[in-house]
Amino acid sequence: MRQINNFINGEFVASSSGQRFDKRSPVDNQVIASIAEAGQGEVDQAVTAAKNALTGEWGQLGTNDRVDLLYGVADEITRRFDDFVAAEMADTGQPHHVMTHAFIPRGAANFKVFADIIKNVPTETFHMDTPDGRGALNYGMRVPKGVIGVVAPWNAPFLLMTWKVGPALACGNTVVVKPSEETPLTATLLGEVMNKVGVPKGVYNVINGFGPDSAGEFLTRHKDVDAITFTGETRTGSTIMKAASDGIRDVSFEMGGKNAGIVFADCDFDKAIDGIFRSAFLNTGQVCLGTERVYVERPIFERFVAALKDKVEGVTLGRPTDNGVNYGPLISHEHRDKVLSYYVKAKADGATIVTGGGVPDMPGELAEGSWVQPTIWTDLPESSAVIQEEIFGPCCHIRPFDSEEEVVELANASDYGLSTTIWTENLTRAHRVAAKVDVGITWVNSWFLRDLRTAFGGSKQSGIGREGGVHSLEFYTEMRNVCIKM
Ligand code: NAD
């Protein structure tokens, strides 16, 4: 069985306490790795290594040399592509094509894109008048913020972790990463990549463990962590924000969603079915940007529900490496219990179950995995917890609507504001509705189409701040102004 250790100051180290925990496969619940759990001592060592690296070789590098190292990291990820795919599949149980087409290539892209940006971004300058007529020149310079604590979730582990590590390092910071306890493998592999490429020791560190009273809490409370970037549940964000208030440390939060899909009768029907199918069921519904509330204009409502049901009933469950498999398990038994509790609530609240609603019969060892049926409901009241709360599972509720005003109101009636997807061939209407839906990201006739130069983040309880493109620089650097009197 694999032994996974922490990665501190360029070395893989076990925990001094000897404490370890098991990582189980979502597919069949077999133990696939033993993970060293970092205690306060390992977290202290990792943060100290990261702090020292800021003034060591890494801190002395010019932008071009730093950027070259990051291009090297991207190339080495691509060279070890199959290792990353295998590790992420083992951790998440998600199908091979999801890894090869989306999650692992994005990891490499996250280093390249931010290396390009930091090389090319200008800073502001202002010439100002002064009473003596000679004037003054102001110019801005960006400096690294320092040690960045990166706390990552399990649903797209490598993509989401590198989305933070890429820009943090491009800006000259150092990082201590706390991957999810459910998915430690790719963060560990990235340590090997960093060493191979020659990234100086202490620049990238990984500590494994849980949240409360474990590595997550030790890291986010650490006084030498200068800023914290977190992706995960809104409730966890609230706890981390309290920890960050000691020392007035900056936070960037990407959190939960309860995203609406809005389908107008004038949409391209087949594209809308494909799009909503992907947005509700990709990664077994474990995507923050996923669509759990679907609103369909009444003239096409019945046809839409029937077509989506057909599509959902055509999924193929199985091991991620099996041919033709396009639907995997949930991440863990614990998460399955949570999702199933909403399946029970939906029934109790009077839902019509269009398809699914339970646990599928899986053959042999797979029966021990965290499988649930993809599920569609109709007829729930908007007040139901199933409509209001993030389930983070392979399920959606579909409701008819009669007017643009009504659907905007329904879409906005949520504590979350992460994303929405609008399906219509009327682009004037698309612009109008996009302007009224209170979310950070709106897709029209598409979903999860990501240009990494654009702002990414949520409004309301879905997040604080924006990452992506130059927006990431706002968080990962301090802007200094220099004023020179002529
Ligand atoms: P989670 O909040 O349970 O855990 C995320 C990370 O926080 C893990 O590493 C965990 O160990 C750590 N953690 C938990 N409690 C902590 C504490 N008290 N102090 C410090 N660290 C702590 O989230 P999850 O279940 O791993 O991920 C799913 C959630 O992530 C969903 O809500 C989803 O919407 C959200 N998400 C958001 C985005 C986005 O970009 N907005 C992207 C992906 C996932």
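Fair warning: this is a prediction, and the values are worked out from it, not measured in the lab.

Trainee: For the site of the ligand, give the residues involved together with the corresponding values.
Mentor: Contacts to the ligand come from 32 residues, most closely from P153, G211, G216, G232 and C288. In terms of residue class, the shell around the ligand is built from twelve nonpolar, 14 polar and six charged. Looking at which domains feed residues into the shell around the ligand, each of domain 1 (2–255 + 462–485) and domain 2 (259–451) supplies at least three.

Trainee: Got a sec to walk through the UniProt feature "active site" (unreviewed entry) in the chain? Specific residues and values, please.
Mentor: When the UniProt feature table is mapped to this numbering, "active site" (unreviewed entry) covers E254. Within the fold, E254 resides in strand β12 (residues 250–254). Beyond its immediate chain neighbours, meaning those up to four positions away, E254 contacts T231, G457, G458 and G463.

Trainee: Lay out the environment of N195 in plain terms, naming residues and giving numbers.
Mentor: With respect to the helices and strands, the residue N195 is situated in helix α7 (residues 185–197). On the basis of neighbour count, N195 is assigned to the partly exposed category, with 16 C-beta atoms found within 10 Å. N195 sits 122 residues away from V73 along the chain, and the two C-alpha atoms are 9.5 Å apart.

Trainee: Outline the pairing of strand β11 (residues 227–231), supporting the account with residue identities and numerical values.
Mentor: Counting buried positions along β11 yields five of five residues, so the element is predominantly enclosed. Of the two faces of β11, the one carrying A227, T229 and T231 and the one carrying I228 and F230 are both buried. Pairing between β11 and β12: five bridges, direction parallel. The residue of β12 that forms the bridge with A227 is D250. The parallel pair β11 and β12 is bridged by helix α9 (residues 234–245), and the resulting crossover is right-handed.

Trainee: Tell me about the sheet that holds strand β7 (residues 136–144), and please be specific about residues and values.
Mentor: Here three strands make up an open sheet; going across it, the order is β6-β7-β23 and the pairing antiparallel. Taken across any chain shown, the strands that pair with only one partner, and hence form the sheet edges, are β6 (125–128) and β23 (477–485). This sheet shows a mean twist of 25° between the axes of neighbouring strands, independent of strand direction. Pairing geometry for β6 and β7, over four bridges, is antiparallel. Paired with F126 across the two strands is N138, which belongs to β7.

Trainee: How would you summarise the pairing of strand β13 (residues 259–263) if you had to cite specific residues and measurements?
Mentor: In terms of burial, β13 is largely enclosed, as five of its five residues are buried. Of the two faces of β13, the one carrying N259, G261 and V263 and the one carrying A260 and I262 are both buried. In terms of strand pairing, β13 meets strand β14 (residues 291–297) through five bridges, oriented parallel. Within β14, the residue paired with A260 across the bridge is R293. Taken together, β13, helix α10 (residues 269–281) and β14 constitute a β-α-β crossover, and its handedness is right-handed. The sheet contact formed by β13 and strand β19 (residues 419–423) spans four bridges and is parallel. Bridge pairing in β19 places V263 opposite W423.

Trainee: Describe in detail the UniProt feature "domain: Aldehyde dehydrogenase" (unreviewed entry) in the chain, supporting the description with residues and values.
Mentor: When the UniProt feature table is mapped onto this chain numbering, "domain: Aldehyde dehydrogenase" (unreviewed entry) sits at residues 12–482. Between the C-alpha atoms that bound residues 12–482 the distance is 42 Å, and the span itself is 40% helix and 21% strand.

Trainee: Describe in detail the packing of helix α3 (residues 63–79) against α7, supporting the description with residues and values.
Mentor: For the pair α3 and α7, interaxial distance at closest approach is 9 Å and the crossing angle is 125°. The orientation of α3 with respect to α7, classified from their angle, is oblique. Helix-helix and strand crossings are classified by hand; for α3 and α7 the assignment is right-handed. Taken together, the residues of α7 that come into contact with α3 (itself represented by L69, G72, V73, E76 and I77) are V193, M194, K196 and V197.

Trainee: Can you tell me about the nonpolar core, naming the residues and giving the values?
Mentor: Residues L70, V73, A170, V175, V176 and V177 are the most contacted members of the largest nonpolar core, which totals 81 residues. Broken down by element, this core gets its largest block of residues, eleven residues, from helix α5 (residues 96–120). Beyond its immediate sequence surroundings of up to four residues, V176 is in contact with A46, V47, A50, V147, G149, N205, I207, L219 and V225.

Trainee: Describe α3, and please don't skip the residues or the numbers.
Mentor: Its 17 residues place the ends of α3 24 Å apart at the C-alpha level, agreeing with the 24 Å of an ideal helix rising 1.5 Å per residue. Among the residues making up α3, those that are buried are R66, V67, L69, L70, V73, A74 and I77. The buried residues of α3 occupy an angular sector of 155° when the element is viewed end-on, so they sit on one face. Within α3, the exposed residues directed more than 90 degrees away from the buried face are N64, D65 and R79. Buried residues belonging to α3 abut α4 (81–92), α5, α6 (157–170) and α7.

Trainee: So what about the domain arrangement of the chain? Which residues, and what values?
Mentor: Along its sequence, the chain is organised into domain 1 (2–255 + 462–485) and domain 2 (259–451). Taken together, the contacts link 17 residues of domain 1 with 23 residues of domain 2. Secondary-structure elements contributing two or more residues to the side of domain 1 that touches domain 2 are α4 and α5. Of the residues belonging to the side of domain 1 that touches domain 2, the class tally is seven nonpolar, eight polar and two charged.

About the thresholds
- Residues numbered from 1 in each chain as written.
- Predicted model: local features only at pLDDT ≥ 70, side-chain atom pairs only at ≥ 80, totals over all residues.
- Near = placed C-beta within 6 Å.
- Nonpolar A, V, L, I, M, F, W, Y, C, P; charged D, E, K, R; others polar.
- Domains from an automatic or database assignment.
- UniProt positions renumbered as here; feature names shortened; annotations may be inferred.
- Helix = DSSP H or I, 4+ residues; strand = E, 2+ residues; numbered from the N terminus.
- Contact = placed C-beta atoms within 7 Å.
- Buried ≥ 20, exposed ≤ 12 C-beta atoms within 10 Å, placed from the backbone.
- Pairing = 2+ DSSP bridges.
- Right-handed = clockwise from strand over helix to strand, strands pointing away.
- Axes fitted to C-alpha atoms, helices over the stretch in contact; angles between N-to-C directions.
- Parallel < 35°, antiparallel > 145°, perpendicular 65-115°, else oblique.
- Left-handed = near helix turned anticlockwise from the far one by under 90°.
- Core = buried A, V, L, I, M, F, W, Y, C linked by C-beta atoms within 7 Å.
- Expected span 1.5 Å × (residues − 1).
- Arc of directions from axis to C-beta.

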